[in-house]
Amino acid sequence: SWNVALSMAGALSGVYMIKYLDLSYSRIAIYTNITLALMMAGYLGTGALAQRYGSKPLTQIAIVPGLVVPALWAIMDKSNCAVLLPIACMLGGLSVSSINVALGSLLYKIVPSGVENSAYFANWTGLAALAAAGGPFLAGTLRNVLPPEVVLLGWQFNTLQAIFAASGVLYVIPLVLSAFI
């Protein structure tokens with residue numbers, strides 16, 4: 001479900017930056033590059049952490065900032081985006097890369113050795129791709145069925161902010177499931 005959550009919010013973040021935050025394409029490119037730079041750093045550093053401390057604790061730790069990112073997007077508006085957006089980009093880049101490395105490492109540990117192991121990798125990749133494809137579809141569906149303004153826990157959100165909040169809730173599922181790995 002983390003792939004669904006990630007792609008659900010990711011599909012709409014550019015639209016949100018343009019339509020609701022009124023950011024220029026240049027600023028959006030800068031924030032995207034911040035995310036990508038932190039992803040590269042995360043990919044480089046996370047492997048050593050997974051080997052030293054284990055993939056399961058790393059997965060659990062990395063999901064937490066992953067959960068915070070959509071929450072930041074949900075409360076972000078023009079008045080606070082100069083502070084929240086760089087934080088969301090940095091946390092997002094680090095958490096995505098860390099989760100990917102930790103989950104990949106876990107997969108290698110659970111795959112049985114032998115000739116059929118390529119089927120496990122193919123199934124894993126296929127399911128991950130299906131989940132990643134389902135996120136934007138779910139986000140678009142929610143965008144079409146939700147009213148323009150949504151009240152959640154007493155807070156008023158526009159539709160995209162509500163979808164970001166829903167994405168954050170979806171991150172709780174892999175966090176809970178990771179306790180049983």
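Provided above is the structure to which this section pertains.
Notes on the structure follow. Sequence positions are assigned chain by chain, starting from 1 and proceeding in written order. A pLDDT threshold of at least 70 governs which residues receive local features in this predicted model, and a stricter bar of 80 or more applies before side-chain atom pairs are shown or counted, although totals over entire chains, interfaces and linings include all residues. Side-chain numbers come from the whole structure's heavy atoms, not from hydrogens or water.

Here's the deal with the overall build of the chain
- Tallying secondary structure elements over the chain gives seven helices and two strands in all.
- Runs of H or I in DSSP of at least four residues are treated as helices and runs of E of at least two as strands, each being numbered from the N terminus. Beginning at the N terminus, the succession of helices and strands in the chain can be written as α-α-α-α-α-β-β-α-α.
- A radius of gyration in this sense is built from C-alpha atoms; the matching globule rule multiplies 2.2 Å by the number of residues raised to 0.38. Computed over its C-alpha atoms, the radius of gyration of the chain comes to 17 Å, within 12% of the 16 Å expected for a compact globule of 181 residues.
- In terms of overall dimensions, the chain has a C-alpha envelope of 55 × 30 × 30 Å along the principal axes.
- Across the 181 residues in the chain, those meeting the buried criterion constitute 38%.
- Contacts between residues were defined by any pair of non-hydrogen atoms, one from each residue, lying within 4.5 Å. Within the chain, counting contacts between residues at least 6 apart in sequence, those at least 24 apart form 73% of the total.
- Reported accessibility uses the Shrake-Rupley method at a 1.4 Å probe radius. Residues are deemed covered only where the shown protein chains occlude them. Accessible surface, the chain: about 9800 Å² in total, of which carbon and sulfur atoms supply 71%.
- Charged residues are defined narrowly, with Lys and Arg counted positive, Asp and Glu counted negative, and His plus the chain ends left uncounted. Where a charge lies is defined by one atom per residue type, namely NZ (Lys), CZ (Arg), CG (Asp) and CD (Glu). For the chain, the separation between the mean place of its 7 positive charges and that of its 4 negative charges on side chains is 8 Å. Relative accessibility thresholds used throughout: buried, under 20% of the residue-type maximum; exposed, over 50%; partly exposed, between the two (1.4 Å probe, protein chains only).

Here we look at the pattern of salt bridges
- By definition, a salt bridge exists where a carboxyl oxygen of Asp or Glu is found within 4 Å of a side-chain nitrogen of Lys or Arg. For the structure on display, the rule yields one salt bridge.
- A salt bridge links K78 to D22; its shortest N-O distance comes to 2.5 Å. With K78 in the loop between helix 3 (55-75) and helix 4 (81-110) and D22 in the loop between helix 1 (2-19) and helix 2 (25-53), this pair connects stretches of sequence that are 56 residues apart. Accessibility assignment for this pair places K78 and D22 in one class, exposed.

Remarks on the nonpolar core
- Definition used in this section: a nonpolar core is a set of buried Ala, Val, Leu, Ile, Met, Phe, Trp, Tyr and Cys residues joined via side-chain atoms within 4.5 Å. M17, L21, L23, W73, M76, L85 and F164 are the most contacted members of the largest nonpolar core, which has 38 residues in total.
- Secondary-structure elements contributing two or more residues to this core are helix 1, helix 2, helix 3, helix 4 and helix 6 (159-170).
- Here the element with the most residues in this core is helix 4; it accounts for nine residues.
- Beyond its immediate stretch of four places on either side in the chain, L23 contacts M17, I18, I28, Y31, C81 and L85.

Looking at the side chain of S97
- Mapped onto the fold, S97 is located in helix 4.
- For S97, a relative accessible area of 0% gives the class buried.
- By the criterion applied in these results, polar contacts are pairs of N or O atoms within 3.5 Å in which, for protein atoms, one can donate a hydrogen and the other can accept it, and in which residues neighboring in sequence qualify only through two side-chain atoms. A polar side-chain atom of S97 sits 3.1 Å from the main-chain carbonyl oxygen of L94.
- Beyond its immediate chain neighbours, meaning those up to four positions away, S97 contacts L38, M39, G42 and Y43.

Thoughts on the side chain of S98
- Mapped onto the elements, S98 comes out in helix 4.
- Relative accessible area serves as the criterion here: at 11%, S98 is assigned to the buried category.
- Contacts of S98, omitting those with residues within four sequence positions, involve T46 and A62.

Some remarks on a nonpolar patch on the surface
- Together, V172, I173, V176, L177 and F180 give the surface a local cluster of nonpolar side chains, amounting to about 490 Å² of exposed area.
- Note that F180 resides in the segment after helix 7 (172-177). The residues that make up patches have over 30% relative accessible area and no salt bridge, and they are joined within 9 Å when like-charged or within 5 Å when they are Val, Leu, Ile, Met, Phe, Trp or Tyr.

Regarding the packing of aromatic side chains
- Whether two aromatic rings pair depends on their centres lying within 6.5 Å, for rings of Phe, Tyr and Trp, where Trp uses its six-membered ring; planes under 30 degrees apart make the pair stacked, over 60 edge-to-face, and the rest tilted. Scanning the entire structure with this criterion turns up six aromatic pairs.
- Measuring from centroid to centroid gives 6.1 Å for Y16 and W73, while their planes differ by 70°, and the two rings are edge-to-face. With Y16 in helix 1 and W73 in helix 3, this residue pair connects regions lying 57 residues apart in the sequence.
- With relative accessibility at 8%, the residue W73 sits in the buried group.
- Relative to F164, the ring of W73 lies with its centre 5.4 Å away and its plane at 45°, an arrangement referred to as tilted. Taken together, the positions of W73 in helix 3 and F164 in helix 6 put the pair 91 residues apart, joining distant regions of the chain. Like W73, the residue F164 is buried in the burial classification.

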